[in-house]
Amino acid sequence: MLTAGCVALSCLTFVLGYTLGRVARRRTRIETRWNDQATFATLHLAAMAAPALRTGLTRDSARKAVRHLHALLGTHAVAITSTDVALAWDGPCAEEVLGYARATLASGRAQVFAGEPYGAVVVPLAVDGTIVGALAVFDEELSAGLVRTVTEVGRWVSGQLELAELDSSRRRALEAEMRALRAQISPHFVYNALTTIASFVRTDPNRARELLLDFADFARYALSKTHDFTTLADELSCVDRYLLLERARFGDKLRFSLQVAPEVLPVPVPFLCLQPLVENAIKHGMRDRGGIGEVRVVARDAGPEAHITVEDDGTGMDPERARRVLDDDPTREGSGIGLANVDLRMRQIYGDGYGLVVETALGAGTRVRLRVPKAQLGHM
Amino acid sequence: MTVAVLSWTAFVVLLGISVSAARPRRYSAPAQLQAARRAVRPWRNGAAISSEFTSAAVCLGLAGLSSASGGWHPAGVAGGFVIVLALVVAPLRRSRTYTLPDFAEWRLGSVPLRCLTTMLSLVIGMAFLVAQLHAAGVVVRLLTGMPAWAGWAALAAAGVAIALAGGTGSVTSVQASQYWLKLVIFVGVGVVLWAVWWHHLPSGDVTAFVAGLPDGLWEGAVGTSYGAADPSAAPAHAPAHAPAHAPAHAPAHAPAPAHAHAPDLAPAPQGGGDGMAGLLPGALMVLLACALGTMGLPHVIVRLHVALDGHEARRSIVAAQAMLALFCVVPPLYGVLSAVVARGGVMDEIVLLLPARMLPGPAGDLLTGLLAAGAFVAFLATACGVLSAVGGAISACVSRATGASVFRGAVLAVALTALALTMATDPSGSMPLMMLGFSLSAATLCPLLLLGIWWRRLTDAGVLAGAVAGGGVTAALVVCEQTGLNLGVPTSHPASVAVPLAFAVMVVISLVTPGRVPGGVGRMMARMHLPEPSERAGGHRSSPGADRSPSGRVPHTDDY
Amino acid sequence: MTARRVPVTRRRRVAGRPRGAFTPEGEAPDVGELVSRQLRQALATVAAALISLAGLPAVALWLRAPGAWVALTLAVQPVLVALAVHHLKRAERLER
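So, here's what we can say about the structure. Quick caveat: nothing in here was measured; it's all calculated off a predicted structure.

## Side note on empty space enclosed by the protein
Applying the stated criterion to the full structure yields 17 cavities of 30 Å³ or more. What the largest cavity holds in volume is close to 250 Å³. As for the largest cavity, its lining consists of 20 residues, of which Asp301 of chain A together with Tyr98, Val302, Arg303 and Ser388 of chain B are closest to the centre. Broken down by secondary-structure element, the contributors of at least two residues to the lining of the largest cavity are α8 (171-200), α14 (298-304) and α18 (362-402) of chain B. It is α18 of chain B that provides the largest number of residues to the lining of the largest cavity, a total of four residues. Classifying every residue of the lining of the largest cavity gives eight nonpolar, seven polar and five charged. As a volume, the second largest cavity reaches approximately 120 Å³. At the level of elements, α4 (73-94) and α24 (521-529) of chain B together with α1 (32-63) and α2 (68-95) of chain C are the ones that each hand at least two residues to the lining of the second largest cavity.

Structure, rendered in structure tokens:
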């Protein structure tokens, strides 16, 4: 009992100490290593406002940024508007902000309003030459210095918003790349499957019909554009259907075995991460030996991860060649596209530690290892 | 020694049965592939959850029988399952975060919070693990006369072996089959013992027994009051226990009086009806801690992710609760009987010695062996579940930092730490340790889960402050209790102060720091609360392999 | 097997993509309505469970029948299981 108490206490103390230590360290750094207080304060406030602005101009981001901008400028009040609505303000100024901003939004030029008791400086916020909003600053006294400062701040905010735009187009580009990487049914496979089915049409029409339906099921899954992730169970059933088609071609010479811990079946996995590996194993393991051989898929439960291996007992390959295949740019056409594709996607999604490991040697078969974390944080 | 051999044999047989139920299967024929992809169904998952819970249920139930505050724990845990079902299960499963630290990081976007949650899971899991090891030590010492560490080592080794070797087979199946084995053994042996007792009892004594029964149970000093209330039972069975096991439990009984009171969960005044009003707050607090603490237990949460989706996870929890309810018959079954038959000593020790006292000879030995094996399997189930859950949480933390998989190492390290802690603690503390686990979970992880799932404005600063406050108060009160500083109900039941405090701090600090509400809360809420698209119903495949008749296929009409 | 297999991985590092890069930009579907209905349902169940739990010691106190609590803890189990089954059915109906 006492020990448990001590353990709990010591753990909590550790956390507390760690947090306090970090806070303290941050404090001392602020005070000792920077002499120029004003520069530091300005940069610090700008840095605090930047992350919010980097998410684009929304009510939420404006609300977060405007507080820091207010502190930065030290004026009576600061407000940010979009083209048609006042997004956020800090200090006593209300919706009438938009009245001041209208002229700026229309003309795209900075405007200065002298007035009682407060004057206003309004500067435009522009992304790629388009006005997206305005920054309005209110103060008792409008000096030339203040106007200049506000103009520069407005330019800085515009810069951040432009970066946000860049971020989101980069994201869209990545997404497009991901989708392109995702579904690449090999044209050879389509050709082979259809030829095999055609060969059964006369001799065994029922079989041909079954296979055609299998092909339809497979294509329906592989070409569906709805999701980036699927469950291991669905991925395995895709492999299953793929194998039915390959088996129709190779007959009993192709043996396949599957061993799965039922606990990992609901694990979310990247779409089509397994079928290319099986296809690869059949292609390199079997075809060089006239289609004789065994492919083994094992999915293990390893705590917070699922470990999947795809193994063939084929001819294997030179490790150097395997390395070249993995280093290949998967967006280029060529052999081994499946492996490099899956490898790249795994690394992009889960991090560099989650790439494929290919164990191979000449004449020793090949085994491809894949690790998938069970927790799906952030990425949908 | 016969008992030792018998119980060992029984244990090995039980383990063999349950492991063979889950041996890795390799499928190769096309028709079998469908079977290989069969996920864990709710009933089986539920059986696994309750299997990992039985040792807590039985031990706490038995401990409660002999404690003054009464055995409210099973009822509290059942209530806890209802709360988990209503508020936690489906959203947590749908969040697709595997452990609580994962959940904390995903929901609040804070890595320090992840570390704190990992540590809390570790402490709670450790409390459970140490309690299991101690219990195994007691069983081994009582039945074989071997030193307690033999039991610890055996349990830790078996737990690590199953947690690690389970990779390709199904640990769920191991646990689920163990549930049924345990139920059959505990209820079966109990019924046999009751039958024996009934058979030996002159009919007139039954009414005397029933009349005398309750007082003793309320008083807590189980053995002595029963000896007085039911004089006929004691002489009938007294000779039974003396020759057969005198050497084995002579050492066990010596420290018994100390045990009976040291782990007492409620220091409230003991006695008849007058003391009962004083017991009320204690009983309520036990119920509260169990009801709110259940949701934070690491081995329960991990099991949710074995279910296919939110619906199935819900069904698993209902199944688990139903099966656990079935198991709640066990503590009274033995508790009442041993109150009648045995005298003195700690309740869980008496239970193990009960068959030998009532049935001298090989029959008694056999029953004792079965009972011991069943108890050992129960400890093993809990230990294995906690080991893999806590080991998983730690290794997930490491892998997110380094990318390497250290699951095996983490499990081993957790087991070794638990062994070291077991050596450093006293066996009498194992029940309070489990209660401490529940209280700590109720005061830290429960508010994190409930607020994280249902409240949009929760912030990482709020959770950090709330968890530190709740955990700190719990720890401080435990220290107070250990040093003899009595502050009334809070000292014996830390949850009474810590839980409301943790909730209050979490809410207030979150409201004070509105700027720290993580981005994308709306999306997280949608992910947690919207039911998964019921893809499985239509599926990518129109029909399973079995029914592939020409007319069995319905063409898909939805576009893709 | 004539040769030992050699483990091979990609040599060049791959830049991980930015956190949350693939989460859609737009607002999530509004789940407020569903969440509040789910919450109301869940709170009703939790209230029922807590009342029956808190009622136990009170009933035991009121009964004054010594030992009644052993029976009570057993009796409350079916009640709680029934409550759970009831909630399960309602929750599944709500989500359908």
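Alright, that's what it looks like, and here's the rest.
## A short note on the packing of helix α20 (residues 430-454) of chain B against α24 of chain B
Residues and elements named next belong to chain B. α24 packs onto α20 with a crossing angle of 105° between their chain directions and a minimal axis gap of 9 Å. In terms of axis orientation, α20 runs roughly perpendicular to α24. Counted together, Gly452, Ile453 and Trp454 of α20 and Met525, Met528 and His529 of α24 form the full contact between these two elements. For the contact of α20 with α24, the class distribution of residues is four nonpolar, two polar and no charged.

## Observations regarding the sheet that holds strand β11 (residues 357-360) of chain A
In space, the six strands of this open sheet follow the order β7(A)-β9(A)-β10(A)-β12(A)-β11(A)-β1(C), with mixed pairing throughout. Each edge of the open sheet is held by one strand with a lone partner, namely β7 (254-260) of chain A together with β1 (6-8) of chain C. Pairwise comparison of adjacent strand axes, ignoring direction, gives a mean angle of 15° for this sheet. Pairing geometry for β11 of chain A and β1 of chain C, over three bridges, is antiparallel. Bridge pairing in β1 of chain C places Val358 of chain A opposite Val8 of chain C.

## Some details on the environment of Arg220 of chain A
Residue and element names in this part refer to chain A. Structurally, Arg220 can be placed in helix α7 (residues 205-223). The exposure class of Arg220 is buried, given its relative accessible area of 8%. Residues Arg220 and Cys238, 18 residues apart in the sequence, show an inter-C-alpha distance of 9.9 Å.

## Focus: the packing of helix α5 (residues 100-108) of chain B against α20 of chain B
All names here are of chain B. With their axes 11 Å apart at the nearest point, α5 and α20 run at an angle of 40° to one another. What the angle tells us is that α5 and α20 run oblique. Classified by chirality, the crossing of α20 by α5 is left-handed. The segment α5 lies against α20, with Leu100, Phe103, Ala104, Arg107 and Leu108 engaging Leu445, Leu448, Leu449, Leu451, Gly452 and Ile453. Split into classes, the residues belonging to the contact of α5 with α20 amount to nine nonpolar, one polar and one charged.

## Regarding the pairing of strand β10 (residues 305-312) of chain A
Residues and elements named next belong to chain A. Counted residue by residue, β10 has seven buried out of eight residues, so it is predominantly covered. Examined bridge by bridge, strand β9 (residues 293-302) and β10 share eight bridges and lie antiparallel to one another. Directly across from Val295, in β10, lies its bridge partner Asp312. Here β9 folds back onto β10 in antiparallel fashion, the turn holding two residues, of which Gly303 has a positive phi close to 60°. Inspection of the sheet shows β10 paired to strand β12 (residues 366-373) by eight bridges, in the antiparallel sense. Looking at β12, one finds that Glu305 is bridged to Pro373.

Reading the values: rules and limits
- Residues numbered from 1 in each chain as written.
- Chains lettered and ligands numbered in written order.
- Predicted model: local features only at pLDDT ≥ 70, side-chain atom pairs only at ≥ 80, totals over all residues.
- Heavy atoms only, no water.
- 1 Å grid on protein atoms, 1.4 Å probe; cavity = no way out; pocket = protein on both sides within 12 Å on 5 of 7 lines; lining within 4 Å.
- Points joined across faces, edges and corners; volume = space filled by probe spheres on them.
- Helix = DSSP H or I, 4+ residues; strand = E, 2+ residues; numbered from the N terminus.
- Nonpolar A, V, L, I, M, F, W, Y, C, P; charged D, E, K, R; others polar.
- Axes fitted to C-alpha atoms, helices over the stretch in contact; angles between N-to-C directions.
- Parallel < 35°, antiparallel > 145°, perpendicular 65-115°, else oblique.
- Contact = heavy atoms within 4.5 Å.
- Pairing = 2+ DSSP bridges.
- Buried < 20%, exposed > 50% of the residue type's maximum accessible area, 1.4 Å probe, protein only.
- Left-handed = near helix turned anticlockwise from the far one by under 90°.

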